[in-house]
Amino acid sequence: MEFSNPMLRRCRSDRRKLLEFLLSSGLIKEITTPAGPTASFSNIDFDSISTDYVLECIQSGGVVDVSQATNRYYRESKHPIVRHLKSRDIFYLHSDPDSAGSPPRRVPPPITRSQRASEQPPLSSQETRKRYEVTAAPDVNSLHNACFLSVGLPILKTGLLDDDLRESAYEVVLACMLFSGVEIYSTERRKKEKSSRFLSGLKNKRDKRHVESESTEHLKIIDTIRIQMQISEATDTFIRRRLTQFAMGKSYGQIDVPQLSIVLLTSLLRTDFPSEKSYLHWKNRQANVLEELLSSDHKKTEKQMIRASLAKIRNPEEWDIKMSPSERSDVLLTLRQVALTFTSIPVRFGVEGETYYWTTGYHLNIRLYEKLLFGVFDVLEDGKLIEEAKEILKFARLTWSMLGITERLHHALFAWVLFQQFIATEEAVLLDYAICEVEKVLSTEVYNEKEVDYMKSLMCSTIRDECEIRLDLLRSMFSSISSWCDSKLQDYHLHFSQKPSFFDRVLKMGLSTGIQDFVPHGNSEFTGYRLPNEIVTRKIRTYIEKTLDAACNRVTGVATNGSMKNKTHPLATLAGELKSIAEKDLSIFSPVLHRWYPQCAMVSARTLHQFYGEILNLFVKNITHPTEDVRKVLPAAYALEHCLIELYSSACKGSNSHHGLEFEHYPIAEISRSLILDWVVAQHERILQWTGRTFDLEDWEPLSSQRKQAASAVEVFRIIEETVDLFFEWSIPMDITHLQALLSIIFHSLDAYLSKVVSQLVEKQNLYPPTPPLTRYKEATFPIVKKKMAESLIIDDNIYKNLDNLTASKLCIILNTYRYIQKQIDVLEEGIRKSWESVKLYQIDRHSIEKTPETLETTDVNGESVSELFVATLDCIKDSAAHAIRKTSDFLGAKIVFWDMRDSFLYYLYHGGVEGNRFEGVLPEFDKVLNNICGLIDGTIRDLVVSSIWKASLEGLMWVLLDGGPSRAFSDFDIQKIEEDFTMLKDLFVADGEGLPRSLVEEEAKFCNKILSLFSLETESLIQMLMASSEHISVGVNNYKYGQRYLGDAHTLIRVLCHKKDKEASKFLKRHYRLPPSSEYDETSVENSSLSSPLVADIMKKSMSFRWSDKSHSSFRSIRKKFQEATWK
């Protein structure tokens, strides 16, 4: 019984037809055999002839030697198929190289040639085909492995091929239809399109052209059957005609296969066939059918008579030439009498319609019926049933009495055919149909005791595990199906992972056909795949154990090879592979197996857990510190265990029962605490080193026009984020101590970076120019030698260098970097919170799956303790960055006004008089500086930085008005112009609404407005105010700092009087303070130097004015004395 792929069967049939065409086309001059030249093709086995040899003979001269063609065929079959290319480097393998694995490393054994082996005759086509099927490696992703699909029917002694069986089956169905009263031949049959008889069998009914409609519906079905069974129109025509002629005048009744063959041999002549070859082939086939059915256990004389009669039929010369028609009739009459004798033998089981040939010829009858059932599949689409499948099955039912088919046997054979076709095409619907047929076989509705006894007599013999097994036909078919299903189900991870929809179906089929007792018990109907509980439990447990054993062995090899390629530890790779197996069990296989074996998931989980745990324990014992292998293995093992716990717990969900875990946890939690802390400490040292290196390489240039922060800050956060990712990639049990350690190293790393950046700034007091001496206004009436300003101590060179390096653009980048740090901390905190929440929720979920009474330390993953950690670390860094922004902004404003614009603003404005040095000369540079700052600074802190510049500008203007030196004196008219300039300065910072808010500018300018208002007061009023304020002058004048000037304090009032262009003020200062006149000093040296003031160091300390304490009760005289002393020095 051949069960090869339908496409292969059709290809082999086309090959025979092609060779027959070449040999009969006239291109071959002569055909020689070992017996000599021949013109007959009847004795030529086209399956064993080399096509290449025939083509070469046609090209060379047209003489074909059948022996050489056969030897050439077997010689070529031993080598892989190659393409005819010049390079000769492309070929096809018989086996799958991927599944074969790596080549063996051992030395091959020496080749020894056996004389007996060399003398062996060439293998037959069937033996060659079997050898090929044995050596071909199965595809692990395919279900085409049909090694178990063998029923083991008794062999056909005559060697009938698939084509012979198909043609005989077609003759049987035509005869049964005819003798059942169905018309099979009509004189008004339509003319059919002429086409090559080699291609007619490949046409599908849906693709044909209908010239005219058929006279009756059943004639269309018969034509469909002919096409499905690949019968030529010519053969079909004379078969129908002869059968119809034979049936004329005869009453309808039962007919058997031997009688049908004898009828056809009697009716058909050589002239009915298109060629001698087809006639001889048909005649030999009929003789072979008779031999299969009539050569049973008879007497010796009967056997000799049958053998002699069949030999005459097979001999073309004797049968067609030498013998007369009467002699041929006598031979056929002899065979008919033998057949009738067998027909008259009493039946054994009493089944309705039973004949002698049911039991003696079942090996042929079953094969013929199988060919009929294969006719329901589309010739061009093997995985689909044709539209007329039901009608074909109805006509096939007419053959039951001839072929010994009962209803139950029909369902079994149809299930068998459907299952074979499913394996060949992997069409799931065919398996569903097969399962339905199996259910019908096992149903009580079709149970008949006589039928069961009859089916048990149809014995088959198969070889399993080198042992011969004899079973009845039904058991043999079901055993083959069950064995095939078992072979797949015993490694279902391998065969069904890519096609999970097949698993449920194959399992149903395996359990259905795996039943031992096929006799239904009781009145309950078979529901499909129902077996006694103990049998189901045992089978499924076997499936699980063998599958997991095979899967573990397979993934162990994959882990070893994969770790070598990916350079990862084999245990980490193995854990990932096992986790994949557990996930497939959880999502695909366990839900299906659970219906029959509720504990299936527990068995899988325990097996996988134990398998990996034995290997992991050896690894854990050698862990001393956090290595890269530890980082890979422990998280993978922890994830695997979580998946196994989930798999184990899934078995309890359906039954609402609770089963405690039957395996101990991996010892990961016990060692994770110290391992993670050690790792965090090591990361802290690494981050500090990288932070210092990154800062040293910083050039304080913006990354781009959009990203205006320093590259070092980006790199620092990249390192921190990388560390955070690595921290949470541990994916093992963690507690709040680990989070605290992580936040701690982040805090110290960022704090160290901020400290390094802030340390670049110098003290703000180094920016201010030296304060000129206090003088009273007096114009020079005649030339005198002017005094030079006294020099102060020289500023340190390092301070000068730092001030030169701290350009406005660099300070803007530093400010942007501070702001970037604030933003990134928010992003970093959000990411850490989410990751920490995932870690804790993962642990909570694990505890809930295990249903253990233990609880985590807190169910609120972002509770008060966690929030306090973020406040103590990241919030402190944000506060430090905010403080650094304020400090740097103040420094930037003071540096622009008092250092960068010292000459153009402080020393230029109103020097020598208001009229010639007004604010118009300073405005362009001020505008340029502000534009540059706004272009560089981050938009979120722009107003803060510009506001600092505005405050510094006001402070600089106060320096010009109150500490401007002997060259600056202002009249009431000058004050009006200064107020105009001051308005211009305010408008510059407001910038028509695009700059600072007007309210902010006006608020900061209030003090300056009040100072200007003092210059507008009468001198007498100022003197009175000075006298009143003397009571509040601080004894500790050394404590004054810049920016702490008060409107009504003595220092401010004295400086207003000093710079007021008024004789009364000059007289007052001369009489009470003995201040020198301004005409005696030359300020050139001060304007061109960066030296400090000659005023008293213990009073001024490089400040613009004195600081007065509210608690002081110093007298006006004491203050006058101090000013006199300061001036005299």
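Because the structure is predicted, anything quoted here is derived from the model rather than measured.

**Student:** Tell me about the pairing of strand E4 (residues 459-464), residues and numbers included.
**Tutor:** Here E4 shows one buried face, formed by Cys460, Thr462 and Arg464, and one open face, formed by Met459, Ser461 and Ile463. As judged from the six bridges shared by E4 and strand E5 (residues 467-472), these two strands associate in the antiparallel manner. In the strand pairing of E5, Thr462 is matched with Ile469.

**Student:** Please provide a residue-by-residue account of the packing of helix H31 (residues 736-758) against helix H34 (residues 864-900), values included.
**Tutor:** Where H31 meets H34, the closest approach of the two axes is 9 Å, and the angle between their N-to-C directions is 5 degrees. Regarding the angle of H31 to H34, the classification is roughly parallel. Facing Ile736, Leu739, Gln740, Leu743, Ser744, Ile746, Phe747, Leu750, Asp751, Leu754 and Val758 of H31, the residues of H34 in contact are Ser865, Val866, Leu869, Phe870, Thr873, Leu874, Cys876, Ile877, Ser880, Ala881, Ala884 and Lys887. Tallied by class, the residues present in the contact of H31 with H34 amount to 16 nonpolar, five polar and two charged.

**Student:** Can you explain the nonpolar core? Please cite residues and give values.
**Tutor:** Within the largest apolar cluster, 290 residues are counted, with the highest numbers of intra-cluster contacts made by Phe419, Tyr612, Ile746, Phe926, Leu961 and Phe989. Sequence-distant contacts of Leu961, defined by excluding residues within four places in its chain, comprise Phe970, Ile978, Ile1011, Leu1012, Phe1015 and His1059. Membership of the second largest hydrophobic core comes to 15 residues, among which are Ile28, Ile31, Phe41 and Cys57.

**Student:** Outline the sheet that holds strand E3 (residues 63-65), listing residues and values.
**Tutor:** Pairing in this open sheet of three strands is mixed, and the strands run E2-E1-E3 from one edge to the other. Two strands close off the open sheet at either side, each with one partner strand: strand E2 (36-38) and E3. Sheet twist, expressed as the average angle between the axes of neighbouring strands with direction ignored, equals 30 degrees. Where strand E1 (residues 30-33) and E3 come together, three bridges link them in parallel fashion. Bridged to Glu30 within E3 is Val63. Against the sheet, helix H3 (residues 66-77) touches E1 and E3, its axis set at about 60 degrees to E3.

**Student:** Residue-level account of the pattern of salt bridges, with values.
**Tutor:** Counted under the stated rule, the structure contains 44 salt bridges. The partner of Arg16 in a salt bridge is Asp47, with the nearest N and O atoms 3.3 Å apart. Of this pair, Arg16 sits in helix H1 (residues 6-24) while Asp47 is found in the loop between E2 and helix H2 (51-60), placing the two residues 31 residues apart along the sequence. When its relative accessible area of 6% is taken as the criterion, Asp47 is described as buried. Asp162 serves as the salt-bridge partner of Lys371, at 3.3 Å between the closest nitrogen and oxygen. Of this pair, Lys371 sits in helix H16 (residues 362-374) while Asp162 sits in helix H7 (residues 162-179), and the two are 209 residues apart along the sequence. An identical accessibility class is assigned to Lys371 and Asp162; each is buried. Overlapping salt bridges bring together Arg16, Asp47, Asp163 and Arg166 as one network.

**Student:** Residues and numbers for helix H21 (residues 449-456), please.
**Tutor:** Here H21 has its buried residues at Glu451, Val452, Tyr454 and Met455. Down the axis of H21, the sector holding all buried residues measures 160 degrees, keeping them to one side. Buried residues along H21 sit against helix H15 (356-360), helix H19 (407-425), E5 and helix H22 (473-489).

**Student:** Requested: an account of unusual backbone geometry, with residues and values cited.
**Tutor:** For Ser731, which is not glycine, the phi torsion reads 50 degrees and is therefore positive. By the secondary structure assignment, Ser731 is in the loop between helix H30 (711-728) and H31. The exposure class of Ser731 is partly exposed, given its relative accessible area of 38%. We note that Ala991 has phi near 55 degrees; this positive angle belongs to a residue other than glycine. Along the chain, Ala991 turns up in the loop between helix H38 (972-990) and helix H39 (998-1004).

**Student:** Describe in detail the confidence of the model for the chain, supporting the description with residues and values.
**Tutor:** Here the chain averages 79 in pLDDT, while 78% of its residues score no lower than 70. Within the chain, no element has a lower average pLDDT than helix H45 (residues 1097-1100), which sits at 32, and none a higher one than H16, at 95. Per-residue pLDDT stays below 50 along residues 84-89; that stretch engages in one contact with residues further than four places along the chain or on separate chains. Confidence over residues 189-215 falls short of pLDDT 50; this stretch has 44 contacts with residues more than four positions distant or in other chains.

**Student:** Outline the pairing of E1, listing residues and values.
**Tutor:** Both faces of the sheet carry side chains from a regular strand, because those side chains alternate between them. Alignment of E1 against E2, held across three bridges, turns out to be antiparallel. Bridge pairing links Ile31 to Thr38 in E2.

Scoring rules and cut-offs
- Residues numbered from 1 in each chain as written.
- Predicted model: local features only at pLDDT ≥ 70, side-chain atom pairs only at ≥ 80, totals over all residues.
- Heavy atoms only, no water.
- Buried < 20%, exposed > 50% of the residue type's maximum accessible area, 1.4 Å probe, protein only.
- Helix = DSSP H or I, 4+ residues; strand = E, 2+ residues; numbered from the N terminus.
- Pairing = 2+ DSSP bridges.
- Axes fitted to C-alpha atoms, helices over the stretch in contact; angles between N-to-C directions.
- Parallel < 35°, antiparallel > 145°, perpendicular 65-115°, else oblique.
- Contact = heavy atoms within 4.5 Å.
- Nonpolar A, V, L, I, M, F, W, Y, C, P; charged D, E, K, R; others polar.
- Core = buried A, V, L, I, M, F, W, Y, C linked by side-chain atoms within 4.5 Å.
- Salt bridge = Lys/Arg side-chain N within 4 Å of Asp/Glu carboxyl O.
- Arc of directions from axis to C-beta.
- pLDDT = per-residue confidence, 0-100.

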